[in-house]
Amino acid sequence: MKTDIIKLQERAGQYKDAAAKTTKRIILCAGTGCVANGSLKIRDRLLEILEKSSVKACLELTADNCDGTVHISKSGCQGFCQRGPLVRIEPDGILYTNVKPEDAEEIVSETITGGKVIERLLYKDPVNGKIYRGDDEMPFYARQKRLVLKNCTIDPECINEYIYKDGYKAAAKACLEMTPQQICAEIEKSGLRGRGGGGFPTGLKWKLTLASENAKKYIICNGDEGDPGAFMDRSVMEGNPHSLIEGMMIAARAVAADEGYVYVRAEYPLAVERMRRAVKDAENAGFLGENLFGSSFNFKIVVMEGAGAFVCGEETALIASIEGKRGMPMPKPPFPAQKGLWGKPTVINNVETLATIPVIIREGAENYRKTGTEKSPGTKTFALTGHVANTGLIEVPFGTTLREIVNNIGGGVTDEKGNVTDEYFKSVQIGGPSGGCLTPEMLDMPLDFDSLKSVGAMVGSGGLVVMNNKTCMVSVARFFMQFTQNESCGKCVPCREGTKQMLAMLDDIMEGRADENTLILLEKTAKAVRIGSLCGLGKTAPNPVLSTLKYFREEYEAHVFKKRCPTGQCKALAIPEILADKCKGCMACAKKCPVGAISGAKKEAHKIDPDKCIKCGVCKTICRFDAVTGI
Amino acid sequence: MKGETDMKINNTVKINGIDVEIGDEKNLLELIRKAGIEIPTFCYHSELSVYGACRLCIVEVDGKGIMASCSTAPEPGMVIHTDTKEIREFRKINVELLLANHDRECPTCPKSSHCALQDLGRRLGVEKVRFKENPKSVEIDMSSPSLTRDPNKCVLCGDCVRVCKEVQGIGAIDFANRGSKSCVAPAFNDNLANVECVNCGQCAAVCPTGAIIPRQDAEKVWDAIYDKDKIVVAQIAPAVRVALGEYFGIEPGANVAGKLVKAMKIMGFDLVFDTSFTADMTIFEEATEFIDRFKKADKLPLITSCCPAWVKFAEIYFPELLHNISTCKSPQQMFGSVAKKVLPAQTGIKRENIVVVSVMPCTAKKFEATLPKFKTDGIPDVDHVITTVEIGRMINSMGIKFNDLEPEAFDMPMGFATGGGVIFGATGGVMEAALRYAVEKVEGKKLKNVDFKAVRGMEKIKEAEIDVAGTKINVAVVNGLVAAREVATQIAQGKSKYHFVEVMACPGGCIAGGGQPGMADLKVRQMRAQGLYQSDKNMQLQKSQDNYLVEECYKENFEGCPGSHAAHHALHTHYKNRSQIFDAKVPVIRGTEKNSVPIIVTICANREDCPGHNLLARVVKYVKDNGWENKVNIDAAFSSRQGPDAPICVTVGDEVLDSCVFRNPMNTEEEIRNRCEFESVRKAMDACLKT
Amino acid sequence: MLNSKQGFLFNSVLRHRERRTSMDQTISKTARMIKHLEAVNRILKKNNFDKARLIPILQAVQEEYKFLSKDIISYVATSLGIPPARVYGVATFYAHFTLEPKGKYLIRLCDGTACHVKASIPILEALRKRLGVTQENPTTGDMLFTVETVSCLGACGLAPVLVINDEVHGQVTPEHALELLEKIIEKEKNAVADELTKEVAQ
């Protein structure tokens, strides 16, 4: 037993020694986003340059190859996607942003060899102009509390680094020092609630599964993060896959399971690759397989890829998918804790939930409760996107206000040109297609499971989309409804037929065909779908509609009764007009109009014939005087 | 609270304010129905797995919210409301949503007034469909002679899918696509006739709407009746008489044969006979066959052949057992054969002008009647098959008040039957009738006790050991194709102890066939079977061998005894290996002519040296040499079935040559043998293609 | 001039040769089809013919053949002992499986929330217009390009996102997208020209 703990210490020591021998470390963010922006090309360039120079590069830290070298490693998503590719230099604590392959030469000569900072590559706050050397002070990072995402800079393919950063300690503790009952109790005490959207108390779920009598039980990690606009789980799987393996090990120990599955969306090929590699590394190191840490506990993990169905994020549909069937949900009860995969008791947890488990076991439930709120302890990762200056991946304690997130971390709302301006804030959509809208009145509301539920929204998986006041809320509702409609499995009548009809009604509203009955029927149908659907997808599908109807009813009514879209986004309702006082009569628009709908003499205010106009918008684009409105 | 504790101790729940005791109900839905509330559902079926898709059965449970009653187990103390304002609103919207997507031509739908969607709409008082109509306009599949599929009327309840998979173990239809594009279809959305459907019609039996119904053939029968040149001769199957009454509000199991005969005479049928007559005849042939095989210990167990769905099932999944199946035709087909042979002389009407119509509880019989092997000189022995429901509709269409009819007797001689023939309609009936014959024949003395109760009952597999003159005969009676597959697998593996096996594809036997009225649950099936056994008791004769009119028929037409040459010619048949249906087919030659002859050669896909390649190449060459490329569709069928010496299957037109053991030529002797095997294929091709 | 006996022999040799060639042709055709199925057999074996692994099996098969054809699906179904209707149902349920062959360059445009909000639709329209494809017929006639939308690739920080085969492009505009397209079209044209020049040279 002790020998296995000693093995952990040995590996940590090995890593520490090897790392100490290097002179510098360059960490390149290799999450999907930065890779798309060329971070791997930067790496190749750096290697080329170092090859020619006197300084040697080391890609994989082992005992004998890293003396005096520069350690170059890839990390998972570091979260500041807008400013990628991100390059960190340690131990200098430098964070370079928006790096290009052409900058590699300068980085080597100036920073690596010369020890100097390249100012133009540092982050400059767009509002106050301040320049930040590292991430410890810049608002985007400084105002977060990174627990799950804390180790986002480690090399996900180096198990020893994970161990060095206290990895697998919690699993060892769970295997050797705690009984299953004790583990469940600790997690229950911590108050951890499922991070996949449901918010169900994790400890309770584990307790119920432990209580189910069966020799065979399963743990499933739900990595089918299908919410459009959410990429938190992806980042954990790509950046810190061992934290998941450790979490699953502890979960398995807690409920007496011996087999686990990680179900990853097929749209995340990098995450699949990293998870598979991590499982293999863990097996080779003896952390998966039989007699783990010398105990009688066995556990093995299989990584499975999804095949493109959002509904498979629902637990029973996910189970059906693993069983080789169509991903259609089953009625609950019975719950997976009693009858799950292959009819056996199964725990299904979200990626973030599982990644939190080692933290709780290591540092204790009480410690964990110090962050967050009473009913929602801990932190939550959010994918902050949309019309906000700093888009990316953040983690904040529950109870943080919306204002803090949007303005201080996010850097403020932007207009369509990307300029920050306060007056443009209209709404934040939270919770993806199952969620609702938050309005300016809620900017100071502390975010947690219950407060959000009380206003008709939900935490969901954590997608936060900021919308400026050029966004049509009806169009937002329609966007989500189309998504849900597309992803509906088709099994139950309310979801399959109801969402289709709701989508048709929203189209009617957006295209000027609606009347007062449409709004009434829309609400009635929404309620029916919500109470009658078989699974969470259907039950929450009407949320965006109900939420926008509640807080932005005037917009709907404008579409229905005045046949106008207040933001001008809905093309079908656009009434293009030329403002007489702005028009200079230059005739540029009339010449460009593809259907000859604009008439007017030179130097005289022009007019658009609404019957001929096809609303293509060319006139608006071409006009130098901003005289065209309504498109 | 005291009230609550009382309930907990008393094991009751409250439903709409009334206390109800929990019995052995698996879910709230059954409990609520027991309490007298007919809670609506499309997708719940007590003998299928819980699906939970239609959402009509939702109820509100205090403290737990809205739950589907079909999937929630009852717990003592639950307070249940089946009809709150919210739920009522919801059910209405649910039905409107379904109607918005449904082909609403109710008056022209054969299921009209028996359709669950129509009923529910009426019950809930749906007066307007507030939603935009969104009809599907999918083509109706009329390819199968047994079943018509109309996806425009499908509510996606999944009952047909589950019955085909769980009760019949086939899965010929399943859900395809996703979301609002979901549909129920055979693989690749192919025609039902082209896939492994065995025509049992259980899907139609459970379908709540008109999405899958037996093919409607009544019009053809009316045409024959009105045709002055033709006489229409009917046969009525045993299982029809104990279920037809339900169509007219009479309880299940009542024997309404007499009324039916009368009604049919009024409608214009010239002669109305009883299939039980040829059922008796089948016993003559089959029991003789059994005794013969048993004495020689050859090709045992003998498996019955009267169920065409079972026969097709065996042809597809167990071609190696085809020589176990009795070569006797089914009673329906024996009737057609005998009637068209015997009646011309008796009535003075030419054979071509005799139209045989059978009234069956079964959809597979429609398929059976169309088989080319059951045609004589190009004319089918049985011209038309209609179901119990179809004859009910025909009676109604003429306005005949069925319940008031005075019964009339069947015509003679082919209307005379013993109890043995009548019990064919229940599972175990064929076996019992055969045993009554065989035991008496072997023991050589009159059988006093004709009851073989061990083979009766609704269990899926029944076994019995019968002592006959000191020897023990092991018999088995199977109903439902999942059970059939189990037993057939045992037999194929040589692990079976049985000598004689009866198989019926429908659960409970023919009484639960796809053409019977209503949705027969276990209780109804038991009542219908009971009706048959009661009739058996009430008849003068119980043993098939005592049917002297059958004996006379033999004397006059079949050289006096069962198994004779003439009997064999008219009353026996052969089977076809249909296992190629699953092979992955890749086209090699595509003919341009309309009725191109299909030629399919199986090639084993996991051995490199499969001689099928060689055989196929020879076939192609022969076709090309004769210039027949435009007249044939040649496919290579890649099979994943193992076995280096497995015979290669070659289909030429309608014939399947399944013993072409065609080895790669290794020496001249083999080469000669190859040429001989190819000979049989060549002969078959010549027969189809040489003009 | 051959005498009649020699002529007869000669003709029979010719006939034999003809027979052999035409039979060889068919045999080589069926042998190719067997080879075609070799990969499927390999995948099935690797997965132990486990029915529960139907989805990974179909994924691997599609990876190999680029799409799932009717005969492949039937073959997998019977090899696993699953009714073909069920395998068809699984293949048509998941968006990842395609029963139609796709173009050489698969262009996927993300239409997730973030991308949508950052105007992904104009990019889609521009691409579709340039290639002459629609939602119902997303593949060009020359089988070079297929244009489809995906809901959320998880690269929301870079919205709007476009993926061409495996290359991810972020913060794309309609102009940029068309540029990428033109580059590929140019490359393909040059490749064809190169092939032709090679052939002519030979």
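All of these numbers come straight from a predicted model, not from anything done at the bench.

Colleague: Quick question: what am I supposed to make of helix α11 (residues 275–296) of chain B here?
Modeller: Each full turn of the α-helix corresponds to 3.6 residues, which orients residues three or four apart in the same direction. Residue and element names in this part refer to chain B. End to end, α11 covers 31 Å across 22 residues, agreeing with the expected 32 Å (1.5 Å per residue, within 8%). Most of α11 sits out of view: 17 of its 22 residues are buried. Looking at the residues trailing α11, positive phi occurs at Ala297, about 50°.

Colleague: What exactly am I supposed to notice about the sheet that holds strand β11 (residues 271–274) of chain B here?
Modeller: Two orientations exist for strands paired in a sheet by backbone hydrogen bonds: parallel and antiparallel. Residues and elements named next belong to chain B. The parallel open sheet is built from four strands, whose spatial order is β11-β10-β13-β16. The two strands at the open ends of the sheet, each matched to only one other strand, are β11 and β16 (384–387). For this sheet, the mean inter-axis angle between neighbouring strands, taken without regard to orientation, is 25°. Running at roughly 150° to strand β13 (residues 354–360), helix α13 (residues 331–347) makes contact with β10 (231–236), β11, β13 and β16 of the sheet.

Colleague: I tried to follow the pairing of β16(B) on my own but got confused; where do I start?
Modeller: Along a regular strand, successive side chains alternate from one face of the sheet to the other. All names here are of chain B. Residues His384 and Ile386 line one face of β16 and the alternating positions Val385 and Thr387 line the opposite face, and both faces are buried. With four bridges joining them, β13 and β16 adopt parallel strand pairing. Its bridge partner lying in β16, Val359 is registered against Ile386.

Colleague: Honestly, the domain arrangement of chain A in this entry has me stumped. Any pointers?
Modeller: When the parts of a complex come together, some accessible area is lost, and that lost area is often used as the size of the interface. Residue and element names in this part refer to chain A. According to the domain assignment, chain A consists of domain 1 (19–134), domain 2 (159–368), domain 3 (379–471), domain 4 (474–561) and domain 5 (576–629). Here domain 2 and domain 3 have C-alpha centroids that lie 28 Å from each other. Across the domain 2/domain 3 interface, buried area totals approximately 1400 Å², and carbon plus sulfur atoms make up 59% of it. Joining domain 2 to domain 3, the criterion identifies two salt bridges. One salt bridge in this structure joins Arg193 and Asp450, with 3.3 Å as the shortest N-O distance. Between the two partners, domain 2 and domain 3, sit five residue pairs in polar contact (both at pLDDT 80 or more). Tallied by class, the residues present in the side of domain 2 that touches domain 3 amount to six nonpolar, six polar and four charged.

Colleague: What is the right way to look at the packing of aromatic side chains in this model?
Modeller: To describe a pair of aromatic rings, you give the distance between the ring centres and the angle between the ring planes. Here the structure, examined in full by the defined rule, presents 35 aromatic pairs over all chains. Between A:Phe80 and A:Tyr141 the ring centres are 5.8 Å apart and the planes differ by 85°, which places this aromatic pair in the edge-to-face class. Here A:Phe80 is found in the loop between β3 (70–75) and β4 (87–90), whereas its partner A:Tyr141 is found in helix α5 (residues 139–142), with 61 residues between them in sequence. Relative to B:Phe500, the ring of B:Phe290 has its centre 4.6 Å away and its plane inclined at 20°; by these criteria the two rings are stacked. Note that B:Phe290 is positioned in helix α11 and B:Phe500 in strand β19 (residues 500–504), a separation of 210 residues in sequence. Residue classification places B:Phe500 among the buried positions, given a relative accessible area of 2%. Taken together, A:Phe80, A:Tyr123, A:Tyr132, A:Phe140 and A:Tyr141 form an aromatic cluster joined through their ring pairs.

Colleague: I'm lost on the interface of chain A and chain C in this one. Help?
Modeller: Residue-level contacts link 44 residues of chain A with 34 residues of chain C. When the two sides are added together, the surface that chain A and chain C hide from each other amounts to roughly 3000 Å², 61% of it contributed by carbon and sulfur. Counting the surface chain A buries against chain C, the share from its top three residues, A:Ala307, A:Arg326 and A:Phe479, is 20%. In this structure, the connection of chain A to chain C is made through zero salt bridges. Across the contact surface, chain A and chain C share eight residue pairs in polar contact (both at pLDDT 80 or more). Looking at which element gives the most residues to the side of chain A that touches chain C, the answer is helix α18 (residues 473–487) of chain A, with four residues.

Colleague: I tried to follow the state of the cysteines on my own but got confused; where do I start?
Modeller: All names here are of chain B. In this structure the tally under the stated criterion is zero disulfides over all chains. You can see Cys506 has no disulfide; the closest cysteine sulfur is in Cys200, sitting 5.5 Å from it. Take Cys506: its relative accessible area is 8%, and that puts it in the buried class.

Colleague: Even after reading the chapter, I still don't get the confidence of the model for chain B, so can you show me in this structure?
Modeller: Any region with low pLDDT has predicted coordinates that should not be read closely. Of the residues in chain B, 95% have a pLDDT of 70 or more, and the chain-wide mean is 91. Scoring the predicted complex yields pTM 0.90 and, for the interface, ipTM 0.90.

Colleague: When you look at the interface of chain B and chain A in this model, what are you seeing that I'm missing?
Modeller: With 33 residues of chain B in contact, the opposing surface of chain A contributes 33 residues. When residues of chain B are sorted by the area they lose upon contact with chain A, B:Arg55, B:Leu97 and B:Arg178 head the list and together hold 21% of the total. For the interface between chain B and chain A, the tally reads two salt bridges. A salt bridge links B:Lys132 to A:Asp508, with the shortest nitrogen-to-oxygen separation between them at 2.8 Å. Our count for the chain B to chain A interface comes out at 14 residue pairs in polar contact (both at pLDDT 80 or more).

Quick notes on the rules
Residues numbered from 1 in each chain as written. Chains lettered and ligands numbered in written order. Predicted model: local features only at pLDDT ≥ 70, side-chain atom pairs only at ≥ 80, totals over all residues. Heavy atoms only, no water. Helix = DSSP H or I, 4+ residues; strand = E, 2+ residues; numbered from the N terminus. Expected span 1.5 Å × (residues − 1). Buried < 20%, exposed > 50% of the residue type's maximum accessible area, 1.4 Å probe, protein only. Pairing = 2+ DSSP bridges. Axes fitted to C-alpha atoms, helices over the stretch in contact; angles between N-to-C directions. Contact = heavy atoms within 4.5 Å. Domains from an automatic or database assignment. Buried area = accessible area lost by both parts, 1.4 Å probe. Salt bridge = Lys/Arg side-chain N within 4 Å of Asp/Glu carboxyl O. Polar contact = N/O pair within 3.5 Å; in protein donor to acceptor, adjacent residues only side chain to side chain. Nonpolar A, V, L, I, M, F, W, Y, C, P; charged D, E, K, R; others polar. Phe/Tyr/Trp six-rings, centres within 6.5 Å; stacked < 30°, edge-to-face > 60°. Disulfide = S-S within 2.5 Å. pLDDT = per-residue confidence, 0-100.

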